[in-house]
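Residue-level structural notes
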Amino acid sequence: LKGWASSGRVGLKVGIGQLAWLSNAGLIQRFAEFKIIRIRRVDVIAQAVSLFLARETGQWHSNMAPSQTHKPSYNEAAISAALNEIRLTETAIDDFINLHKPPALVLTYETLVEEPVAALDRCCAFLEWDSDCPEKLGEGIAPLRRQADGVNASFSARYRHEVLGC
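Below you will find a few notes about this structure. (Residues numbered from 1 in each chain as written. Predicted model: local features only at pLDDT ≥ 70, side-chain atom pairs only at ≥ 80, totals over all residues. Heavy atoms only, no water.)

1. Focus on the packing of helix α3 (residues 44–57) against helix α4 (residues 76–100)
Our working rule: In this analysis, axes come from line fits to C-alpha atoms, helices being fitted only over the stretch in contact, and the angle between any two N-to-C directions falls in the range 0 to 180 degrees. Working definition: helices are DSSP H or I runs of at least four residues, strands are E runs of at least two. Numbering for both runs from the N terminus. By the definition used in this description, the sense in which the near helix is turned from the far one sets the handedness, with an anticlockwise turn below a right angle giving left-handed and a clockwise turn giving right-handed. Throughout, a contact is declared for two residues whenever any of their heavy atoms are within 4.5 Å. Each residue is assigned to one of three groups, with Ala, Val, Leu, Ile, Met, Phe, Trp, Tyr, Cys and Pro labelled nonpolar, Asp, Glu, Lys and Arg labelled charged, and all others, Gly among them, labelled polar.
Following both chains from N to C, one finds α3 and α4 inclined at 115 degrees, their axes separated by 8 Å at the closest point. Between α3 and α4 lies a crossing of right-handed hand. Contact residues: Val44, Ile45, Gln47, Ala48, Val49, Leu51, Phe52 and Arg55 in α3; Ala78, Ile79, Ala82, Leu83, Glu85 and Ile86 in α4. Counted by class, the contact of α3 with α4 contains eleven nonpolar, one polar and two charged residues.

2. Here's the deal with a nonpolar patch on the surface
This is how the line gets drawn: The patch calculation keeps residues exceeding 30% relative accessible area without a salt bridge and links them within 9 Å when they carry like charges or within 5 Å when they are nonpolar (Val, Leu, Ile, Met, Phe, Trp, Tyr). Per-residue accessibility takes into account occlusion by the displayed protein chains alone, with areas from the Shrake-Rupley method and a 1.4 Å probe. Here, a salt bridge means any Lys or Arg side-chain nitrogen found within 4 Å of an Asp or Glu carboxyl oxygen. Summary of the burial criterion: residues with accessible area below 20% of their type's maximum are buried, those above 50% are exposed, and those between are partly exposed, where the area comes from a 1.4 Å probe applied to protein chains only.
A cluster of nonpolar residues, Val10, Leu12, Val14 and Phe31, forms a patch on the protein surface that exposes about 350 Å² of accessible area. Examined against the element boundaries, Val10 turns out to sit in the loop between α1 (4–7) and α2 (16–24). Judged by relative accessible area, Val10 falls into the partly exposed class, the value being 48%.

3. Brief notes about the pattern of salt bridges
With the rule as written, the count across this model stands at eight salt bridges. The shortest N-O distance in the salt bridge between Arg38 and Asp94 comes to 2.7 Å. Taken together, the residues Arg38 in strand β1 (residues 36–40) and Asp94 in helix α4 connect sequence positions 56 residues apart. For Arg158, the salt bridge identified is with Glu162, shortest N-O distance 2.9 Å. Placement of the pair is Arg158 and Glu162 together in helix α8 (residues 150–164), with a separation of four residues, close to one helical turn. On the basis of relative accessible area, Arg158 is assigned to the partly exposed category, the value being 41%.

4. Re helix α6 (residues 116–126)
Basically, it comes down to this: By definition, the arc is the one covered by directions from the helix axis to the C-beta atoms.
Residues of α6 that are buried include every one of Ala119, Cys123, Cys124 and Phe126, and no others. Along the axis of α6, the buried residues cluster in a sector spanning 160 degrees; they form a single face. When the buried face of α6 is taken as reference, the exposed residues oriented beyond 90 degrees from it are Val117 and Ala125. One or two positions beyond α6, positive phi appears at Glu128, with a value near 60 degrees.

5. A closer look at the packing of α4 against α8
In a pair of packed helices, the angle between the axes and the distance between the axes together describe the arrangement. In plain terms, the rule: Reported orientations rely on four angle classes, namely roughly parallel under 35 degrees, roughly antiparallel over 145, roughly perpendicular from 65 to 115, and oblique for the rest.
Where α4 meets α8, the closest approach of the two axes is 11 Å, and the angle between their N-to-C directions is 90 degrees. Considering their axes alone, α4 and α8 lie roughly perpendicular with respect to each other. Contacts between α4 and α8 involve Glu76, Ile79, Ser80 and Leu83 on the former and, on the latter, Phe155, Tyr159, Glu162 and Val163. Across the contact of α4 with α8, the residue classes break down as five nonpolar, one polar and two charged.

6. Quick notes on unusual backbone geometry
One non-glycine residue, Lys101, adopts positive backbone phi at about 55 degrees. When you line up the elements, Lys101 lands in the loop between α4 and β2 (104–108). According to the relative accessible area criterion, Lys101 is exposed, its value standing at 63%.

Read these as spatial facts, not as claims about activity.
Take a look at the structure:
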(Lines give C-alpha, C1' and ligand atoms only; values in the text may rest on other atoms or scores of the structure.)
Protein backbone atom coordinates (compact mmCIF):
# COMPACT_ATOMS: atom_id res chain seq x y z
CA LEU A 1 0.00 0.00 0.00
CA LYS A 2 1.28 3.41 -0.86
CA GLY A 3 1.43 5.94 1.95
CA TRP A 4 0.45 3.65 4.79
CA ALA A 5 3.11 5.10 7.08
CA SER A 6 1.73 8.62 6.70
CA SER A 7 -1.75 7.42 7.67
CA GLY A 8 -0.49 5.73 10.83
CA ARG A 9 -2.09 2.46 9.78
CA VAL A 10 -0.66 -0.86 8.84
CA GLY A 11 -2.20 -4.06 7.60
CA LEU A 12 -0.82 -7.50 8.29
CA LYS A 13 -1.77 -10.87 6.87
CA VAL A 14 -1.56 -13.23 9.80
CA GLY A 15 -2.90 -16.62 10.71
CA ILE A 16 -4.40 -17.68 13.98
CA GLY A 17 -1.02 -18.83 15.27
CA GLN A 18 0.45 -15.37 14.76
CA LEU A 19 -2.62 -13.70 16.29
CA ALA A 20 -2.30 -15.90 19.37
CA TRP A 21 1.42 -15.14 19.59
CA LEU A 22 0.83 -11.37 19.29
CA SER A 23 -1.82 -11.59 22.00
CA ASN A 24 0.23 -13.76 24.35
CA ALA A 25 3.26 -11.48 23.90
CA GLY A 26 1.12 -8.45 24.81
CA LEU A 27 1.72 -6.83 21.44
CA ILE A 28 -1.91 -6.49 20.35
CA GLN A 29 -2.52 -4.26 23.34
CA ARG A 30 0.15 -1.86 22.00
CA PHE A 31 -2.02 -0.99 19.00
CA ALA A 32 -4.44 1.90 19.45
CA GLU A 33 -6.96 -0.41 17.82
CA PHE A 34 -6.97 -3.49 15.70
CA LYS A 35 -9.55 -4.84 13.34
CA ILE A 36 -9.84 -8.16 11.61
CA ILE A 37 -10.78 -8.72 8.02
CA ARG A 38 -11.62 -12.38 7.77
CA ILE A 39 -11.94 -14.24 4.52
CA ARG A 40 -13.93 -17.46 4.57
CA ARG A 41 -14.85 -19.92 1.86
CA VAL A 42 -18.50 -20.70 1.30
CA ASP A 43 -17.48 -23.96 -0.36
CA VAL A 44 -15.30 -25.47 2.36
CA ILE A 45 -15.03 -28.79 0.49
CA ALA A 46 -13.47 -26.97 -2.47
CA GLN A 47 -11.18 -25.20 0.00
CA ALA A 48 -10.07 -28.54 1.46
CA VAL A 49 -9.42 -29.92 -2.01
CA SER A 50 -7.42 -26.79 -2.88
CA LEU A 51 -5.37 -27.14 0.31
CA PHE A 52 -4.74 -30.82 -0.45
CA LEU A 53 -3.67 -30.03 -4.03
CA ALA A 54 -1.42 -27.16 -2.94
CA ARG A 55 0.37 -29.48 -0.55
CA GLU A 56 0.68 -32.17 -3.20
CA THR A 57 1.93 -29.92 -6.01
CA GLY A 58 3.65 -27.10 -4.15
CA GLN A 59 1.52 -24.61 -6.10
CA TRP A 60 0.02 -22.28 -3.50
CA HIS A 61 -1.31 -19.55 -5.80
CA SER A 62 -2.18 -19.09 -9.47
CA ASN A 63 1.07 -17.32 -10.36
CA MET A 64 3.23 -20.07 -8.93
CA ALA A 65 4.50 -22.97 -10.97
CA PRO A 66 3.96 -26.39 -9.44
CA SER A 67 7.07 -27.89 -7.87
CA GLN A 68 6.11 -31.32 -9.17
CA THR A 69 4.99 -32.34 -12.61
CA HIS A 70 2.92 -35.35 -11.61
CA LYS A 71 -0.82 -35.13 -11.34
CA PRO A 72 -1.94 -35.83 -7.77
CA SER A 73 -4.17 -38.81 -7.19
CA TYR A 74 -7.43 -38.46 -5.32
CA ASN A 75 -6.84 -39.05 -1.61
CA GLU A 76 -9.95 -39.06 0.56
CA ALA A 77 -7.99 -39.25 3.82
CA ALA A 78 -5.77 -36.27 2.92
CA ILE A 79 -8.77 -34.19 1.84
CA SER A 80 -10.57 -35.10 5.08
CA ALA A 81 -7.48 -34.08 7.05
CA ALA A 82 -7.38 -30.74 5.20
CA LEU A 83 -11.09 -30.23 5.89
CA ASN A 84 -10.56 -30.98 9.58
CA GLU A 85 -7.64 -28.55 9.72
CA ILE A 86 -9.74 -25.81 8.11
CA ARG A 87 -12.58 -26.40 10.58
CA LEU A 88 -10.19 -26.31 13.55
CA THR A 89 -8.63 -23.09 12.26
CA GLU A 90 -12.05 -21.49 11.78
CA THR A 91 -13.02 -22.47 15.34
CA ALA A 92 -9.77 -21.02 16.69
CA ILE A 93 -10.42 -17.75 14.85
CA ASP A 94 -13.99 -17.67 16.22
CA ASP A 95 -12.60 -18.22 19.72
CA PHE A 96 -10.02 -15.45 19.29
CA ILE A 97 -12.64 -12.98 18.08
CA ASN A 98 -15.03 -13.94 20.90
CA LEU A 99 -12.28 -13.51 23.48
CA HIS A 100 -10.75 -10.24 22.24
CA LYS A 101 -13.86 -8.74 20.64
CA PRO A 102 -12.11 -6.80 17.87
CA PRO A 103 -14.28 -5.33 15.13
CA ALA A 104 -14.35 -7.98 12.40
CA LEU A 105 -15.47 -7.90 8.80
CA VAL A 106 -16.21 -11.23 7.16
CA LEU A 107 -15.77 -11.53 3.42
CA THR A 108 -16.19 -14.64 1.37
CA TYR A 109 -13.47 -15.83 -0.95
CA GLU A 110 -16.09 -16.28 -3.64
CA THR A 111 -17.18 -12.63 -3.40
CA LEU A 112 -13.58 -11.48 -3.33
CA VAL A 113 -12.91 -13.30 -6.60
CA GLU A 114 -16.21 -12.41 -8.29
CA GLU A 115 -16.58 -8.80 -7.08
CA PRO A 116 -13.14 -7.56 -6.00
CA VAL A 117 -13.91 -3.84 -6.23
CA ALA A 118 -17.06 -4.20 -4.12
CA ALA A 119 -15.12 -6.28 -1.59
CA LEU A 120 -12.37 -3.66 -1.49
CA ASP A 121 -14.97 -0.92 -0.98
CA ARG A 122 -16.39 -2.87 1.98
CA CYS A 123 -12.90 -3.21 3.44
CA CYS A 124 -12.23 0.50 3.02
CA ALA A 125 -15.52 1.42 4.68
CA PHE A 126 -14.80 -1.00 7.53
CA LEU A 127 -11.32 0.49 7.99
CA GLU A 128 -12.78 4.00 7.75
CA TRP A 129 -10.62 4.91 4.77
CA ASP A 130 -11.75 7.48 2.25
CA SER A 131 -14.15 6.37 -0.46
CA ASP A 132 -11.32 6.66 -3.00
CA CYS A 133 -9.51 3.82 -1.27
CA PRO A 134 -9.04 1.69 -4.42
CA GLU A 135 -7.12 4.55 -6.06
CA LYS A 136 -4.80 4.71 -3.05
CA LEU A 137 -3.72 1.15 -3.64
CA GLY A 138 -1.87 2.12 -6.77
CA GLU A 139 -1.99 0.83 -10.30
CA GLY A 140 -0.84 -2.48 -11.64
CA ILE A 141 -2.49 -4.76 -9.14
CA ALA A 142 -3.00 -8.06 -10.89
CA PRO A 143 -6.59 -9.29 -11.04
CA LEU A 144 -7.47 -12.21 -8.82
CA ARG A 145 -7.51 -15.50 -10.66
CA ARG A 146 -8.89 -18.76 -9.50
CA GLN A 147 -6.27 -21.46 -9.33
CA ALA A 148 -8.82 -24.26 -9.40
CA ASP A 149 -9.17 -26.36 -12.50
CA GLY A 150 -10.98 -29.52 -13.55
CA VAL A 151 -9.03 -31.59 -11.04
CA ASN A 152 -10.39 -29.48 -8.19
CA ALA A 153 -13.95 -29.83 -9.45
CA SER A 154 -13.57 -33.58 -10.02
CA PHE A 155 -12.06 -34.23 -6.58
CA SER A 156 -14.66 -32.01 -4.88
CA ALA A 157 -17.53 -33.80 -6.62
CA ARG A 158 -16.06 -37.22 -5.81
CA TYR A 159 -15.57 -36.29 -2.15
CA ARG A 160 -19.11 -34.97 -1.87
CA HIS A 161 -20.48 -38.15 -3.44
CA GLU A 162 -18.34 -40.74 -1.62
CA VAL A 163 -18.05 -39.12 1.81
CA LEU A 164 -21.10 -36.91 2.15
CA GLY A 165 -23.48 -38.87 -0.04
CA CYS A 166 -24.38 -35.79 -2.09
